[in-house]
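Overview (structure and organization)
Listed below, chain by chain, are the residues.
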Amino acid sequence: MSANPETPSTTPAASRFETFALVFGIAFGILYVVCDLAAWPMFTYHPGTDRIDPGYAPARRDEGPAMYWYGWLASSALGASILGALAALLPAKIRGKIPLSLAWMVPIALLPVLLYSLKFYWRW
Amino acid sequence: MDFVLDYISVNTFWTLLFIVHALLAVALLGALTHQAAAVLARPRAGVGGLVARFRSVSGPVYVTAICVLWVCTFVLGGWIYAKYRIYVRIPIEQEGLFKTLGAFELKEHLASIGLGLLPFYWHLWKNARNAAYDSARKWLTVVLAVICWYAFLAGHVVNNVRGFGL
């Protein structure tokens, strides 16, 4: 979809929602990877027993595996929401300077980090 | 949800849930692929073949459906994921198929990152007439489409390895 030539082609002052959504999207991805690498889940879920522990908790003996993914999502969502809200409070002049292209560049930049974090699985 | 199990077995319940998850993923894949094709290669006037018609969709029409489908597919996948962790992943680990597991781990990571980008993606498409958003809208759509294709294929491979009947 490209622009209609009769519509404005200049960048408008970024709205607060636009800034929130942009910063939320960027921060969510980065925080998610950080939480994964640093083992910072908000909580740990033990699916075998339906137990939930706050923060990081190792698997318990004879209770099956521990899952951190839900906790990473919660940590990332909370952190990204805070950062997005703070960014939305910035003056319009500064909000308009955040490059929109970061929204698609950050996920691409995170891919090698994710692949490295999964190096355990790429054994031959 | 326990009342459901009065009528169907536990295996049937999770199999049905998985099928719904997969069907939602198919719908999401189709919608995102149409939209990505539309932004990557605009149809030329006078060309009316199958490919031209495939990419000549109106991108903004798809955006809300894509966001809803992504969230619904993600929530269902997250629900099934707990069962996957015990009844699917452990047997695959025991078979030593680590690359398959790694591919699935990457799928969960990418789908999560994609989820966080949906509000901005929605905003860009809801302002589709603004030329200042063209580049970001185009490439973010393509990135989400690539994530969706990868997630679909990785999930398909894992299902082929383990199959139904958790």
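What you see is a predicted model; the values in this text were computed from it and never measured.

**A short note on the packing of aromatic side chains**
Counting across every chain of the model gives 19 aromatic pairs over all chains. Aromatic side chains Trp104 of chain A and Trp139 of chain B sit 6.0 Å apart centroid to centroid with 40° between the ring planes, which places their arrangement in the tilted category. With Trp104 of chain A in helix α4 (residues 102-117) and Trp139 of chain B in helix α5 (residues 134-162), this residue pair bridges two chains. On the basis of relative accessible area, Trp104 of chain A is assigned to the buried category, the value being 16%. Considering the side-chain rings of Phe120 of chain A and Phe98 of chain B, the 5.7 Å spacing of their centres and the 80° angle between planes classify their relative orientation as edge-to-face. With Phe120 of chain A in the segment after α4 and Phe98 of chain B in helix α4 (residues 98-126), the pair connects residues from two separate chains. Under the relative-accessibility criterion, Phe98 of chain B is labelled buried at 19%. Pairwise contacts between aromatic rings join Tyr45, Trp69 and Tyr70 of chain A together with Phe74, Tyr81, Tyr84 and Phe104 of chain B into one cluster.

**A few points about the environment of Gly84 of chain A**
Residues and elements named next belong to chain A. Mapped onto the elements, Gly84 comes out in helix α2 (residues 69-88). Between the C-alpha atom of Gly84 and that of Gly25, which follows or precedes it by 59 residues, the distance is 8.5 Å. Not counting chain neighbours up to four residues away, the residues in contact with Gly84 comprise Phe20, Val23 and Phe24.

What counts, and at which threshold
Residues numbered from 1 in each chain as written. Chains lettered and ligands numbered in written order. Predicted model: local features only at pLDDT ≥ 70, side-chain atom pairs only at ≥ 80, totals over all residues. Heavy atoms only, no water. Phe/Tyr/Trp six-rings, centres within 6.5 Å; stacked < 30°, edge-to-face > 60°. Helix = DSSP H or I, 4+ residues; strand = E, 2+ residues; numbered from the N terminus. Buried < 20%, exposed > 50% of the residue type's maximum accessible area, 1.4 Å probe, protein only. Contact = heavy atoms within 4.5 Å.

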